[in-house]
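# Structural characterization, general
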Amino acid sequence: MTTHEGALNTVPTPRVIHTAQALVDEVVVVDALPVRGGNAVAHSYARYAGGAVNILVAAARSGASAVLAGSVGTGPNGDLVRSALAAEGVAVSSPAVAELDTGICVVMVEPSAERTFVTTQGAERRISLESLQTSAPVPGDLVCVSGFSLVGRTRDPLLGWLAGLAPGVVVVLDPGAAFAGLPEAVQRRVLARTTVWTTNAQEAEQLTGHADPVASAAALARRLPADAVCIVRDGPNGCQLREGEPLGTPARSSAGGDRHQRRRGHPHRGARRVPCGRLGLGHGGAPGQCGGGDQGDAARSSHRADSGGDRRLPRRAGRVGVGVVTARR
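Okay, so let's go over this structure.

Conventions adopted
Residues numbered from 1 in each chain as written. Predicted model: local features only at pLDDT ≥ 70, side-chain atom pairs only at ≥ 80, totals over all residues. Heavy atoms only, no water. Helix = DSSP H or I, 4+ residues; strand = E, 2+ residues; numbered from the N terminus. Buried < 20%, exposed > 50% of the residue type's maximum accessible area, 1.4 Å probe, protein only. Contact = heavy atoms within 4.5 Å. Areas by Shrake-Rupley, 256 points an atom, 1.4 Å probe, with all protein chains shown as cover. Axes fitted to C-alpha atoms, helices over the stretch in contact; angles between N-to-C directions. Left-handed = near helix turned anticlockwise from the far one by under 90°. Phe/Tyr/Trp six-rings, centres within 6.5 Å; stacked < 30°, edge-to-face > 60°. Pairing = 2+ DSSP bridges. Right-handed = clockwise from strand over helix to strand, strands pointing away. Polar contact = N/O pair within 3.5 Å; in protein donor to acceptor, adjacent residues only side chain to side chain. Core = buried A, V, L, I, M, F, W, Y, C linked by side-chain atoms within 4.5 Å. Salt bridge = Lys/Arg side-chain N within 4 Å of Asp/Glu carboxyl O. Parallel < 35°, antiparallel > 145°, perpendicular 65-115°, else oblique. Nonpolar A, V, L, I, M, F, W, Y, C, P; charged D, E, K, R; others polar.

## So, the overall build of the protein chain
Within the protein chain, the secondary structure is distributed over eight helices and 19 strands. Counting the 329 residues in the protein chain, one finds 52% classified as buried. Intrachain contacts of the protein chain at a sequence separation of at least 6 include 67% that bridge at least 24 residues. As displayed, the protein chain offers around 14100 Å² of accessible surface, 53% of which is attributable to carbon and sulfur atoms.

This is the structure we're talking about:
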């Protein structure tokens, strides 16, 4: 946590700390995916720093102090990630992984903005309890966790580190598609420490079995701590925001206004639909989304809106090769 210098009373400034993977996206725009064993000619090719970089850059541009707690490799890919973060004033707390470069994600983008991925794993997966601790979160800081970090070699160090966080540290979980397939014991450990859950409607349905975002938000809230916030992003329809777990019938919401369930004397606890922009969840997905680069339906909407229908290049977040097309890790 940083402080405002020069003030008589120093005011702590919460930081945004991301634990997920910062990768390099290698993006090709194609008319269609090749058949098995076939070939496709790309209209364009670009390299971007992606994954957790997107969220951290958005946080920094919004005025936050941002830190990457994940690992970065040694080589051209790691150099691209570090330069993109440094250009935005984002710190990398852990030392570089020696003799291993950061991995890449090959992204094939079709005219519909549908994306297909092939991801390698490199230095970004070489985290440890000690490397995560270099970010030194304190109460008030926001720690972002991706469900894709809860598989493979990153899972155990991350779980151990989360368990030792101070109570006042805010943990923001973007579960991604990976979370629904995790062992129940792992899900329980993560959910018990989650302060804010943010997911898209499809991922919420995979976990709860409810296609209706109102119902899935209610089901998710019952698995979270009583004071947690649950956000289910519903594309252009906005978001279902549930603050705390209401008792009895799930709260309803309508386009004309909010209806709140009363719970234990808290008249505003319950569910309500809000525009994504009010939560900082623009269709690019970055400002309020703390996942490991999973933009889901939000990024697809961003690409369609920015491409004007027939322009096929994905939108760039700007400067030093920062992209917004990354997703599943």
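## Focus on helix H4 (residues 155–163)
Looking at H4, one finds that the buried residues are Pro157, Leu158, Leu159, Trp161 and Leu162. Against helix H3 (129–133), strand S10 (142–146), strand S11 (170–174) and helix H5 (184–192) lie the buried residues of H4.

## Re the packing of H4 against H5
Helix packing for two helices is described by the angle between their axes and how far apart those axes are. In contact at an axis separation of 10 Å, H4 and H5 are set at 35° when each is read in the N-to-C sense. Both H4 and H5 take part in a crossing whose hand is left-handed. Contacts from Arg155, Leu159 and Gly160 in H4 reach Val186, Arg189 and Val190 in H5.

## A short note on the packing of aromatic side chains
Considering all chains together, one arrives at one aromatic pair under this definition. Taken together, a centroid distance of 5.4 Å and an interplanar angle of 90° make the contact between Phe179 and Trp197 edge-to-face. One end of the pair, Phe179, is in the loop between S11 and H5; the other, Trp197, is in strand S12 (residues 196–200), and 18 residues separate them in sequence. For the residue pair Phe179 and Trp197, the accessibility class agrees, reading buried in each case.

## As for unusual backbone geometry
With phi around 80°, Ala113 is a residue other than glycine that occupies positive phi space. Position of Ala113 relative to the elements: it lies in the loop between strand S8 (104–109) and strand S9 (115–119). In the Ramachandran plot, Ala136 falls in the positive-phi region, its phi being about 45° despite a non-glycine side chain. Relative to the elements of secondary structure, Ala136 occurs in the loop between H3 and S10.

## Observations concerning the pairing of S11
With four of five residues buried, S11 is to be regarded as a mostly interior element. Sheet topology note: the S10/S11 ladder contains five bridges and is parallel. The residue bridging Cys144 from the neighbouring strand is Val172, located in S11. Following the chain from S10 across H4 to the adjacent parallel S11, one finds a crossover that is right-handed. Where S11 lies against S12, two bridges are found, and the strand directions are parallel. Within S12, the position partnered with Leu173 by the bridge is Trp197. Between S11 and its parallel partner S12, the chain crosses via H5, and the hand of that crossover is right-handed.

## Let's talk about the side chain of Glu26
Locating Glu26 in the fold gives a position in strand S4 (residues 22–29). At a separation of 2.8 Å, a polar atom in the side chain of Glu26 contacts the side chain of Arg47. Excluding its chain neighbours within four sequence positions, the residues that come into contact with Glu26 are Tyr45, Ala46, Arg47, Ile104, Cys105, Val106 and Val107.

## Considering the nonpolar core
Most often, soluble globular proteins have nonpolar side chains that are buried together. Core analysis: the largest hydrophobic core is formed by 31 residues, its most contacted members being Leu158, Phe179 and Trp197. Put simply, the parts of the chain that give this core at least two residues each are S10, H4, S11, H5, helix H6 (201–208), helix H7 (213–221) and strand S13 (229–233). Ranked by the residues each element gives to this core, the list is headed by H4, at four residues. If near-sequence neighbours (up to four positions away) are discounted, Leu158 is found in contact with Thr19, Ile127, Leu132, Val145, Ser149 and Leu150.

## Observations concerning the pattern of salt bridges
According to the stated counting rule, one finds eight salt bridges in the structure shown. We note a salt bridge from Arg155 to Asp156, for which the minimum N-O separation is 3.2 Å. With a relative accessible area of 51%, Asp156 lands in the exposed category. Put simply, Arg223 and Glu184 hold a salt bridge, and the shortest N to O gap is 3.2 Å. Separated by 39 residues along the polypeptide, Arg223 in the loop between H7 and S13 and Glu184 in helix H5 bring together distant segments of the chain. For Arg223, a relative accessible area of 30% translates into the label partly exposed. The structure contains a network of salt bridges with shared partners spanning Glu184, Arg188 and Arg223.

## Quick notes on the pairing of strand S14 (residues 239–243)
Here S14 lies mainly inside the structure; four of its five residues are buried. As judged from the five bridges shared by S13 and S14, these two strands associate in the antiparallel manner. Considered in S14, the bridge of Cys230 is made with Arg242.

## Let's talk about the packing of H6 against H7
H7 packs onto H6 with a crossing angle of 55° between their chain directions and a minimal axis gap of 9 Å. Between H6 and H7, the interaxial angle falls into the category oblique. Note that H6 runs across H7; the crossing there is left-handed. Contacts between H6 and H7 pair Ala201, Ala204, Leu207 and Thr208 from the former with Pro213, Ser216, Ala219 and Leu220 from the latter. For the contact of H6 with H7, a count of residues per class yields six nonpolar, two polar and no charged.

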